[in-house]
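Analysis of the macromolecular model
Read off the chains here:
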Amino acid sequence: MNKKLMTMLVACALSVSALSTTAVFAEDAAVTGETPAVTETTPTPTPTPAPETTPAAYEPEITLTTPKWTGDSDIVFEVDAKGGTVYHFEVYVYDANDAGYPIFVQSKVEVNQEGKGKITFTKDALKNAKIWADGDDEPQIAIDWTKYSEIEFAFDFELNGQHKYRSMFVETSVKAPEVTVTPTTPAKPSTPAKPTENKGTTTITPNASVAKDDKKTNTTTTTKKEAPKTGDTMNVALYASLLLVSALAAVVLTTKKRITE
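Bear in mind that the values here come from a model prediction, so they are computed numbers and not experimental data. (Residues numbered from 1 in each chain as written. Predicted model: local features only at pLDDT ≥ 70, side-chain atom pairs only at ≥ 80, totals over all residues. Heavy atoms only, no water.)

**Focus: the confidence of the model for the chain**
Averaged over the chain, the pLDDT score is 75; the fraction of residues at 70 or greater is 57%. When the criterion is pLDDT under 50, residues 23–31 qualifies, and its contacts beyond four places in sequence or with other chains add up to two contacts. Within the model, pLDDT remains below 50 along residues 208–221, and this stretch shows 21 contacts once partners closer than five positions in the same chain are excluded. (pLDDT = per-residue confidence, 0-100. Contact = heavy atoms within 4.5 Å.)

**Some points on a nonpolar patch on the surface**
The grouping of Y87, F89 and Y165 at the surface amounts to a nonpolar patch, some 340 Å² of accessible area in total. By secondary structure assignment, the location of Y87 is in strand β4 (residues 85–95). Given a relative accessible area of 41%, Y87 falls into the partly exposed group. (Patch = residues over 30% accessible without salt bridge, like charges linked within 9 Å, V, L, I, M, F, W, Y side chains within 5 Å. Areas by Shrake-Rupley, 256 points an atom, 1.4 Å probe, with all protein chains shown as cover. Salt bridge = Lys/Arg side-chain N within 4 Å of Asp/Glu carboxyl O. Helix = DSSP H or I, 4+ residues; strand = E, 2+ residues; numbered from the N terminus. Buried < 20%, exposed > 50% of the residue type's maximum accessible area, 1.4 Å probe, protein only.)

**Observations concerning the side chain of T120**
Here T120 lies in strand β7 (residues 116–121). Ignoring any residue separated from it by four or fewer positions in sequence, one finds T120 in contact with D74, I75, V76, S107, K108 and E110.

**What to know about the environment of K82**
With respect to the helices, strands and loops of the structure, K82 is situated in the loop between β3 (75–80) and β4. K82 sits 24 residues away from Y58 along the chain, and the two C-alpha atoms are 8.0 Å apart. Discounting residues that sit within four places of it in the chain, K82 has contacts with Y58, E59, P60, E61, E114 and L159. Among the polar contacts listed, one links the side chain of K82 to the side chain of E61, at a separation of 3.5 Å. (Polar contact = N/O pair within 3.5 Å; in protein donor to acceptor, adjacent residues only side chain to side chain.)

**Some thoughts on the pattern of salt bridges**
Here the structure, examined in full by the defined rule, presents four salt bridges. As a salt-bridge pair, R166 and E59 come within 3.1 Å of each other at their nearest N and O atoms. A residue pair is termed long-range when its members are at least 10 positions apart, and R166 in strand β11 (residues 162–172) and E59 in the loop between α1 (2–32) and β1 (61–64) qualify at 107 residues. Classification of E59 as partly exposed rests on a relative accessible area of 43%. Between K82 and E61 there is a salt bridge whose closest N-O contact spans 3.5 Å. One end of the pair, K82, is in the loop between β3 and β4; the other, E61, is in strand β1, and 21 residues separate them in sequence.

**Details of the nonpolar core**
One recurring pattern in soluble globular proteins: nonpolar side chains tend to sit buried together. Grouped together as the largest cluster of nonpolar side chains are 28 residues, with contacts concentrated most on I75, F77, I103, F121, W145, F153 and F155. For this core, the secondary structure elements donating two or more residues are β3, β4, β7, α2 (123–127), β10 (148–159) and β11. With five residues, the single largest contributor to this core is β10. Excluding residues that lie within four positions of it along the chain, I103 makes contacts with V91, V93, A129, K130, I131, W132, I143 and W145. (Core = buried A, V, L, I, M, F, W, Y, C linked by side-chain atoms within 4.5 Å.)

**As for the sheet that holds strand β8 (residues 130–131)**
Reading across the sheet, the seven strands line up as β2-β11-β10-β4-β5-β8-β9 and stay open at both edges, with mixed pairing between neighbours. The open sheet terminates on both sides in strands that have one partner only, identified here as β2 (68–69) and β9 (141–142). Strand direction decides the pairing type here: β8 and β9, joined by two bridges, are antiparallel. Across the sheet, residue K130 finds its bridge partner in β9, namely A142. (Pairing = 2+ DSSP bridges.)

**Thoughts on the sheet that holds strand β6 (residues 108–111)**
Strand order in this open sheet of four strands is β1-β3-β7-β6, and the pairing throughout is antiparallel. Each having just a single partner strand, β1 and β6 make up the two edges of the open sheet. For this sheet, the mean angle separating the axes of adjacent strands, direction not counted, is 20 degrees. Relative to β3, β1 runs antiparallel, the two sharing four bridges. Across the sheet, residue L64 finds its bridge partner in β3, namely F77. (Axes fitted to C-alpha atoms, helices over the stretch in contact; angles between N-to-C directions.)

**As for the side chain of D156**
Here D156 shows up in strand β10. Although buried, D156 forms no salt bridge, and the nearest oppositely charged side chain, R166, lies 8.9 Å from it. Among the polar contacts made by the side chain of D156, one reaches the side chain of Y87 at a distance of 2.9 Å. A distance of 3.3 Å separates a polar atom in the side chain of D156 from a polar atom in the side chain of H163. (Lys, Arg positive; Asp, Glu negative; His and termini not counted.)

**Considering the pairing of β11**
Examined bridge by bridge, β2 and β11 share two bridges and lie parallel to one another. Looking across to β11, one finds that W69 is bridged to T172. In this structure, β10 lies alongside β11, joined through ten bridges in antiparallel fashion. In the sheet register, L159 faces β11, and the bridge partner there is Q162. Between β10 and β11, which pair antiparallel one after the other, the connecting turn spans two residues, and N160 there sits at a positive phi close to 50 degrees.

Rendered as structure tokens:
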């Protein structure tokens, strides 16, 4: 009984103490006119990691100004390396069957510090280009451009470790050089050859003194000189006959004259 009473008394004392504290607090707040501050705990936000920045795609530019090559002009490319560097990488030629062959040809690079400019393949450099044969360390075979229909030019662009490769194709139509025919001067008529001299005829006659014993024969060669030809086509014998008749007539006239005297 006493414990129960004591517990009730303690509870009443605590209640009176709590009411007194609340009344004092409310009275102070009414006198000062201030609202008691309420402390709230705000959680600290977790920082969001910054997004990773991806480098912009490297897109260099190249333009072909000579779409077809006939062997009479240079092949020129205009390039913009966008602040990077550029050089020609490889060159191939293709025949009518689309078979490709690597060639070596020197280029002329004219690019400023920003990577803008042009790359030129001169007609002389292309005509003097050579093909690499299998197993050769250096190009050895001269190119017959009449057998090829297309050229592939490969370029390498580089900026901050990024590489971009570009290939450009140029159609070719090189004709074989025309054969120049040099007119020839007509040959002068040749001088007629001199007639061959008559070496004479060979007559074989028996030797009277020797033929009786051993039946040997003697050989006698008679040389007949041929009168030079003067171009006269008349018969020489006719002239000789006329000369003979004239001589006889002269003899007859002379004889008659002497008889008459």
